[in-house]
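Architecture and fold: a report
If you want the building blocks of each chain, they are given just below.
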Amino acid sequence: MFEDTIAERVRPLAQAFTDGGLTRLTVREGEFEVEFRRAPATAAAAAVAPANDVAPARPMDAILADVVGVVRFLRPPITEGMALDADRELAFVETLGIRNAVRSRGPGRVAMIYVTDGQPVEYGQPLFAIER
Amino acid sequence: MFRKVLIANRGEIALRINRACHELGVATVAIFSEADRGSLHVRHADEAFCVGAGPVASSYLNIANIISTGLICGADAIHPGYGFLAENARFAEIARDHGLTFIGPAPEVITAMGDKATARRIMAESGVPTTPGSGILATPEEAAAFAETIGYPVLLKATAGGGGKGMRAVESPAEMANAFATASAEAEASFKDGRMYVEKLIRSPRHIEVQVLGDQYGDVVHLGERDCSVQKPSHQKLIEEAPAAALDPAVRDRLHDIAVTAARAVKYTNAGTLEFLVDGSSVYFMEMNTRIQVEHPVTEMVYGVDLVKEQIRIAAGERLGFTQADLQPHGCAIEVRVNAEDPENNFAPAAGTLSRVEFPGGPGVRVDTHVYSGSVVPPFYDSMLAKIIVTGRTRESAILRMERALSETRIEGVKTTVDFCREIMRDEAFQRAGLGVDWLPRYLLERRTPAAV
């Protein structure tokens, strides 16, 4: 079956991703493309009980889309590594012409930006990871 | 024809719509809640978007997220299925305002038919018979006078009533004064409104409904009737069939004529159903459902018409591909709703993981479902897991086939209606046909207390 083939190909990659303590892994081969991203919740859990000898990661919060829409970056846009001294706007998700603010929910450092400007997102999709 | 259709629903009907779209060469976008990520309707669609959390208000009723999904994906139409937003005129209007064709009737028609009083008035004006009833009656004497004009027994009802409160069956004039006083007092206590009216009491009516299709050019056809009289005490349908057995041919023709007349009167487009109470040769209009219905497959099997494809074609502006004369029913079809419910405990719904799922097959068997072995039944939604539909040259052969199909069905992990429906197939009264809507509730009572019968 098609799905089984995919599962067979993905399994060893997933293993490598987990064992290596990676935060992001993308593999492309022809039409086949797979990307692993460590969910920030998992990253936080890893900080409590680090696997192997990976340096403990700082706790991270995932900022998820709570509406379906199109991501609009601010001008100038938020960049990875940026320090946030307080709760602030990171971007908007535009839904039926309404701009829904995406906020950092407190101070921290922008550890990862999962989306690009103009990208459509679904409900619950990770937009940013904020290191606290 | 559309390029891409957004399916604004879940479960078996979402999958059913997906199939119709793919057969028409139309791409599909599924929406799903976080609780439905593993559902078959998500797997089979060309694209799928999570629109919210498990509870329906966050997801399947979230108009902004659903319409937004349609726009993001470049869909040009929305199929609402049944339930959820299917009869929400505002949703249909918002879709239209955003350039998405709503696959259903015009929002104005949904509004008119959605209000029971308005629908009854429009139907009465078009000469469609409705249950005889009075306006507000101030005194028991007025109520008795009106009851004389329609004949006893009558139902005395509180205008604000619901759930049986403020409602009394009145068998004779002698009972009226007392019934009026107690029912009115009860309504006053429950709803702070003791105003009463009188309606004809139909003791054991059959629930018979007629399927219609109308295109955007004024052509309307009917696709016969369905008998949905086997209903749980909650009035939810459990077993449906087409055509209605043991029905006077004159009554059948009348139902069909009324349905087409009524649909024309409201300039109805797309698929719709007119529900009637049938009592002997008397026929009363109840309501019109402006959507595809759960039990549409029995009509499809008997008429050889794909109703969902017709809905999409009509919405895309195509003409009906057939005339009334082209539509001839063949044989009989029966549908059983396989629900995650416990028939031994008032059909209480159950949620959980389906550890094992095996559906029937073989000649004349159709299964519409979104579940599989290992799939999870979330607690947020309707408990229907599948519809098993069988056909037969005769009703007798269809019943035997349904019994066989249910005997092949294995669902483990939650209680279901499978065995109970199999028991009904073997019941003599069911086999004789022509049952009223009060039959199943009585059957359940007698089954529970066999000694008292």
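Residues numbered from 1 in each chain as written. Chains lettered and ligands numbered in written order. Predicted model: local features only at pLDDT ≥ 70, side-chain atom pairs only at ≥ 80, totals over all residues.

**Concerning the nonpolar core**
Residue and element names in this part refer to chain B. Ile7, Ala333 and Ile334 are the most contacted members of the largest nonpolar core, which has 131 residues in total. Look past the residues within four positions of Ile7 in its chain and what remains in contact with it is Ala14, Ile17, Asn18, Thr28, Val29, Ala30, Ile31, Ala45 and His79. Ranked by size, the runner-up nonpolar core spans 16 residues in total, among them Val154, Leu156, Met196 and Leu201. (Core = buried A, V, L, I, M, F, W, Y, C linked by C-beta atoms within 7 Å. Buried ≥ 20, exposed ≤ 12 C-beta atoms within 10 Å, placed from the backbone. Contact = placed C-beta atoms within 7 Å.)

**Structural notes on the environment of Glu80 of chain A**
All names here are of chain A. Along the chain, Glu80 turns up in the loop between strand S4 (69-73) and strand S5 (83-84). Given 11 C-beta atoms within a 10 Å radius, Glu80 is considered exposed. Between the C-alpha atom of Glu80 and that of Val110, which follows or precedes it by 30 residues, the distance is 5.2 Å. When neighbours within four sequence positions are excluded, Glu80 is seen to be in contact with Val110, Met112 and Ile113. (Helix = DSSP H or I, 4+ residues; strand = E, 2+ residues; numbered from the N terminus.)

**Description of helix H13 (residues 418-425) of chain B**
All names here are of chain B. Of all the residues in H13, the buried ones are Val418, Phe420, Cys421, Ile424 and Met425. End-on, the buried residues of H13 take up no more than an arc of 165°, which puts them together on one face. On the buried face of H13, the contacting elements are strand S10 (220-231), strand S11 (237-242), strand S14 (332-339), helix H12 (395-408), strand S22 (410-412) and helix H14 (428-432). (Arc of directions from axis to C-beta.)

**Things to note about the domain arrangement of chain B**
Residue and element names in this part refer to chain B. Assigned domains within chain B: domain 1 (4-103), domain 2 (140-200) and domain 3 (206-452). The centre of domain 1, based on its C-alpha atoms, is set 24 Å off from the matching centre of domain 3. Between domain 1 and domain 3, the residue contacts involve 29 residues of the former and 25 residues of the latter. Those elements that place two or more of their residues in the side of domain 1 that touches domain 3 are helix H1 (11-23) and helix H2 (40-44). At 8 residues, H1 tops the list of elements feeding residues into the side of domain 1 that touches domain 3. Its residues assigned to classes, the side of domain 1 that touches domain 3 comprises 15 nonpolar, 8 polar and 6 charged. (Domains from an automatic or database assignment. Nonpolar A, V, L, I, M, F, W, Y, C, P; charged D, E, K, R; others polar.)

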